[in-house]
Amino acid sequence: MRLASLLLTTGLLALPLTAEAAPRFAAIFGDHAVLQRDAPVRVWGWAENGEAVTVSLAGQSVTATADASGRWEATLPAVPAGGPYDLSLSGGATLKDILVGDVFLCSGQSNMEFPTKYANNAYNEILNSANDRLRFVTIERDAQPGGALRDLPKALAWRAVGPETTGDTSAVCYYMAKALQKQTGAPVGMINSSWGGTMIQSWLSQLTLRGLKTYGPGLATLKTYANDPAAARKVWQKVTQDWWDAHEPQAGEKRQWAGLAYDDRDWKTIDTTTFWEEADDAALKGFDGVVWYRTEITLTAAQAKAANAITLGAIDDADTTFINGKAIGSDEGWNTPRHYEIPKGLLKAGRNIIAIRAVDTGGGGGMWGDPKPRGIHLSDGKIIQIPEKWKYKISTSISGLTDIPSTPWLPTSGLATLYNGMIAPIAPYTLKGVAWYQGEANVANATEYSRLLPALFADWRQSFKLPDLPVVVVQLANFGPVGMQPTDSSWAALRESQRLSVNADAKTALAVSIDFGDRSDIHPTQKKVVGERVALGMRKAAYGEAVALSPEPVSATHRGEDVVIRFRDTGGKLLTYSSAQAIGFEVCDATCRYAVATVEGDTVVIKGATTATRIRYAWADSPYVNLYSAGDLPVAPFQLEVK
């Protein structure tokens, strides 16, 4: 077991095969798989060092030789759509029922992971979904901080969709694939490699992160972690604490909030069994940022001496925990149970203070869950329960914080951890395109996302050896508080980062979902519409069709006292639903204010905007919109300078 754990940690899972082992395909290949049509197809696997193997498909064969590590790779000639075929390996297995069609990688966080069985109208859809020409495989969750796996830990099953299987597909991926299969008539294969709550940094390779220059400390600590996890934790705790001391407003004063001498009588009380958004405090409704918690516990001298650890349950998303003013640990993950060792002598007989600096970057926030496991552990195995009612005080909004350090070895917010375990071992499988639905976990820093998303495009194109690999990005749906007045929105800023990144890359497309989210649920269930919009984007980016996507602004210019915004992809004209006006427009100079906007053909006119320097549209976490193309696609949220 220790050897297996070491191999998983260090990324050395795919070692050269022993002399007794027969040649085999990489684990991503299996019976019922779909291979890419009309393109050279890369196939690889494992054999004895120096062994020559022959791969055959549809009457064509190629030979490859295993390298010193035992890995071989062959490129099969292009084959038109069809099948089923056998994919055979000399001296090894023959894979049966292989189709040739179009293959798509679907990746991202929970809204891509979201299964079809939970989507709207799932019962009827699944019941009538049988289609042997639509197949899928799901990459199992696997975070690897120690390095990139060379192969998946085990072979995975490709399956055709049908009443028994469709419910397990990614809903967005399934509806995209279904629409494309109907359009092209060719078989379609879906590879779903997703993990909820994940940051984009986890999906990038270490090589690419190193090239971005700003992730050096995290990558260096990650290297330390591979050899000495305890030392790495100490290093990273200091990095984190130094960052907060430098960036939290009034950090010196707030550090006193963790101490015994601080007077917290003016702090409010909160139930820590639910997210802070559910508290009876308007200031916490939809709040993303930093909130401090405090509670006090009284111990006998014997208890204080015997205490060795503390368990706090889950804290969404990150925490630093203090006892009597001293930081004892920090962690990340919205549902990660916190358990920290307590240094000897830190707890005292009598009154003690436990304080938590909780950081929420989006969605629910703070301490939550069953309070029973929370407590101070004693050396005799007993646990002293911690009260479920704590005091709290709001510190600062997430919008005032950027580049918050993220622990580099964590699965969902680490550096390259998911690339190592869920992308590297399936590359370079030959693909038609990639569907990417992610960003909720990165809303705290849209500026950095503007670097990371283009880096992902380049990284995966290199990994899959496809320089022009098309990528369709789902722009984040509406979620969170509605806008009562113009304000800054981290969600809107992330959407704009996605839009501009796509516009700067000719082989990408944007699927706008601003009208099919759910302001009270970060996981909206209407995935059919989103999947079909992804399919429309794929028809443009991957198939080169001249299809119109969601309208986007081309220019905003002054015309007398008015501002005229011209759009592309309108389908001939813009439409406003349920009103003669287009809602959601703001004119900005020193400040932003809502504006009266009307449609004229493929333009929007804002009257009396002589001082406007920029225009914003749908600039809120959860905006209401009514501006559409003639083809019933919503205008993408945007921000634009006025010329």
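Every value quoted in this text rests on a predicted model; they were computed, and no experiment measured them.

### Considering the environment of R451
If you trace the backbone, R451 turns up in helix α11 (residues 446–463). For R451, a relative accessible area of 32% translates into the label partly exposed. Taking the C-alpha atoms as reference points, R451 and L127, separated by 324 residues in sequence, lie 43 Å from one another. A polar contact is formed between the side chain of R451 and the backbone oxygen of L212, at a distance of 2.9 Å. At 2.7 Å, the side chain of R451 and the side chain of T214 are in polar contact.

### A word on the packing of helix α4 (residues 171–184) against helix α13 (residues 527–541)
Where α4 meets α13, the axes come as close as 7 Å, and the angle between the chain directions of the two elements is 50 degrees. Taken together, α4 and α13 sit at an angle that is classed as oblique. Regarding α4 and α13, the two cross each other, and that crossing is right-handed. On α13, the residues touching A171, V172, Y175, M176, A179, L180 and Q183 of α4 are K527, K528, V530, G531, E532, V534, A535, M538 and R539. In terms of residue class, the contact of α4 with α13 is made up of 10 nonpolar, 2 polar and 4 charged.

### Digging into the pattern of salt bridges
In this structure the tally under the stated criterion is 36 salt bridges. A salt bridge links E73 to K465; the shortest N-O distance between them is 3.2 Å. Of this pair, E73 sits in strand β6 (residues 71–76) while K465 is found in the loop between α11 and β24 (471–474), placing the two residues 392 residues apart along the sequence. Since its relative accessible area comes to 24%, E73 is described here as partly exposed. Notably, a salt bridge pairs D242 with K238, separated by 2.7 Å at the nearest N-O pair. With D242 and K238 both in helix α7 (residues 229–247) and 4 residues apart, this pair spans about one turn of that helix. Judged by its relative accessible area of 39%, D242 is partly exposed. One salt-bridge network, in which partners are shared between bridges, spans E496, R499, E552 and R568.

### Some words on the sheet that holds strand β29 (residues 585–588)
Across the sheet, 4 strands lie side by side as β30-β29-β33-β35; this open sheet has antiparallel pairing. The two strands at the open ends of the sheet, each matched to only one other strand, are β30 (592–594) and β35 (638–641). With direction set aside, neighbouring strand axes in the sheet form an average angle of 25 degrees. Relative to β30, β29 runs antiparallel, the two sharing 3 bridges. For C588, the partnering residue across the bridge sits in β30 and is C592.

### Things to note about the confidence of the model for the chain
When pLDDT is averaged along the chain, the result is 94; 97% of the residues meet or exceed 70. Taken as a whole, residues 1–20 scores under 50 in pLDDT and shows 33 contacts with residues more than four places along the chain or in a different chain.

### A few points about the pairing of strand β17 (residues 337–341)
Two faces make up the sheet, and in a regular strand the side chains alternate between them. On β17, burial follows the alternation: R338 and Y340 on one face are buried, whereas P337, H339 and E341 on the facing-out side are not. In this sheet, β17 lies alongside strand β14 (residues 307–316) in antiparallel orientation, the contact comprising 5 bridges. Across the sheet, the residue bridging to G313 is R338, located in β17.

### Details of the pairing of strand β27 (residues 562–568)
In terms of burial, β27 is largely enclosed, as 5 of its 7 residues are buried. As defined by bridge partners, strand β26 (residues 552–559) adjoins β27 across 7 bridges and the pair is classed as antiparallel. Looking at β27, one finds that A556 is bridged to I565. Counting the residues between successive antiparallel strands, the hairpin from β26 to β27 contains 2 residues, one of them, G560, with a positive phi of roughly 65 degrees. Note that β27 and strand β32 (residues 603–606) share 4 bridges and pair antiparallel.

### Some thoughts on the sheet that holds β26
Taken in spatial order, the 4 strands make up an open sheet running β26-β27-β32-β31, and their pairing is antiparallel. Taken across any chain shown, the strands that pair with only one partner, and hence form the sheet edges, are β26 and β31 (597–600). Shown here is a sheet whose adjacent strand axes are inclined to one another by a mean of 25 degrees, direction ignored.

### Some remarks on the side chain of Q181
Following the sequence through the fold, Q181 ends up in helix α4. Once you skip the residues sitting within four places of it in the chain, Q181 turns out to touch N131, R133, L134, A186 and V188.

### What about the state of the cysteines?
Here, disulfide denotes a covalent bond that connects the sulfur atoms of two cysteines. Taken as a whole, this structure holds 2 disulfides when the rule is applied. Through a disulfide, C106 is tied to C173; the S-S separation comes to 2.1 Å. Measuring handedness by torsion sign, the sulfur bridge of C106 and C173 sits at about 70 degrees and is right-handed. A residue pair is termed long-range when its members are at least 10 positions apart, and C106 in strand β8 (residues 94–108) and C173 in helix α4 qualify at 67 residues. Judged by relative accessible area, which is 0%, C106 ranks as buried. Residue classification places C173 among the buried residues on the basis of a relative accessible area of 1%. Between the sulfur of C588 and that of C592 lies a disulfide, 2.0 Å long from S to S. What sets the handedness of the C588 and C592 disulfide is the S-S torsion sign, and at about 110 degrees it is right-handed. As far as burial versus exposure is concerned, C588 and C592 are alike and both buried.

Cut-offs applied
Residues numbered from 1 in each chain as written. Predicted model: local features only at pLDDT ≥ 70, side-chain atom pairs only at ≥ 80, totals over all residues. Heavy atoms only, no water. Helix = DSSP H or I, 4+ residues; strand = E, 2+ residues; numbered from the N terminus. Buried < 20%, exposed > 50% of the residue type's maximum accessible area, 1.4 Å probe, protein only. Polar contact = N/O pair within 3.5 Å; in protein donor to acceptor, adjacent residues only side chain to side chain. Axes fitted to C-alpha atoms, helices over the stretch in contact; angles between N-to-C directions. Parallel < 35°, antiparallel > 145°, perpendicular 65-115°, else oblique. Left-handed = near helix turned anticlockwise from the far one by under 90°. Contact = heavy atoms within 4.5 Å. Nonpolar A, V, L, I, M, F, W, Y, C, P; charged D, E, K, R; others polar. Salt bridge = Lys/Arg side-chain N within 4 Å of Asp/Glu carboxyl O. Pairing = 2+ DSSP bridges. pLDDT = per-residue confidence, 0-100. Disulfide = S-S within 2.5 Å.

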